[in-house]
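Chain residues, written in single-letter form:
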Amino acid sequence: VSQSRYEVYNIKVDYLMVGHLHSKRVQDVNGGKQVIQVPSLMGCNDFSVKIKKLSNPGSYIFTIMNKYGIRDSRDVIFK
C-alpha cells in the first residue's frame with residue numbers, strides 16, 4: 001500500500017493551487033481534496049500561440065475558511 005506524499009511528510013493538504021496551464025479548473029480529488037488550476041494573468045504569449053493553447057487573461061480569487069472550505073469565489077477577467 002503506497003502512502004500519499006502528505007502522509008509521508010505529515011503535512012495535511014486540502015487544496016493544491018497550480019498555474020501555467022492557461023485555463024481555470026477546480027477538480028475534486030482523493031476524498032474531498034481539491035486541485036485549483038488558475039488561468040494565466042497575461043493570457044497568450046508567443047509560445048502558447050505556437051502550441052495552440054489560447055486563453056483570455058484572468059485570475060481566480062477566493063477565501064478559504066477553516067471548517068467551511070472555499071467561500072466567496074469569483075473569476076477575475078482582464079480586458
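Up top is the structure these notes are about.
Criteria and cut-off values
Residues numbered from 1 in each chain as written. Predicted model: local features only at pLDDT ≥ 70, side-chain atom pairs only at ≥ 80, totals over all residues. Heavy atoms only, no water. Phe/Tyr/Trp six-rings, centres within 6.5 Å; stacked < 30°, edge-to-face > 60°. Buried < 20%, exposed > 50% of the residue type's maximum accessible area, 1.4 Å probe, protein only. Core = buried A, V, L, I, M, F, W, Y, C linked by side-chain atoms within 4.5 Å. Contact = heavy atoms within 4.5 Å. Salt bridge = Lys/Arg side-chain N within 4 Å of Asp/Glu carboxyl O. Helix = DSSP H or I, 4+ residues; strand = E, 2+ residues; numbered from the N terminus.

### Remarks on the packing of aromatic side chains
Stage number 1. Tallied over the full model, the rule gives 1 aromatic pair.
Stage number 2. For the pair Tyr60 and Phe62, a centre-to-centre distance of 5.2 Å together with 40° between the ring planes defines the contact as tilted.
Stage number 3. Owing to a relative accessible area of 12%, Tyr60 belongs among the buried residues under this scheme.
Stage number 4. Of the residues examined, Phe62 reaches a relative accessible area of 18% and is grouped as buried.

### A word on the nonpolar core
Stage number 1. Of all hydrophobic cores here, the largest spans 5 residues; its members are Ile36, Val38, Tyr60, Phe62 and Ile70.
Stage number 2. Residues in contact with Ile36, not counting those within four places in the same chain, are Tyr15, Leu16, Met17, Val18, Arg25, Val26, Tyr60, Phe62 and Ile70.

### Some points on the pattern of salt bridges
Stage number 1. Summed over all chains, the structure comprises 2 salt bridges.
Stage number 2. Where Asp14 meets Lys33, a salt bridge forms, and the shortest distance between an N and an O atom there is 3.9 Å. Of this pair, Asp14 sits in the loop between helix 1 (5-8) and strand 1 (15-18) while Lys33 sits in strand 3 (residues 33-37), and the two are 19 residues apart along the sequence.
Stage number 3. On the basis of relative accessibility, which here comes to 32%, the residue Asp14 falls in the partly exposed class.
Stage number 4. A salt bridge links Lys24 to Asp75, with the shortest nitrogen-to-oxygen separation between them at 3.1 Å. Residue Lys24 is located in the loop between strand 1 and strand 2 (25-29), and its partner Asp75 is located in strand 5 (residues 69-77); the two are separated by 51 residues in the primary sequence.

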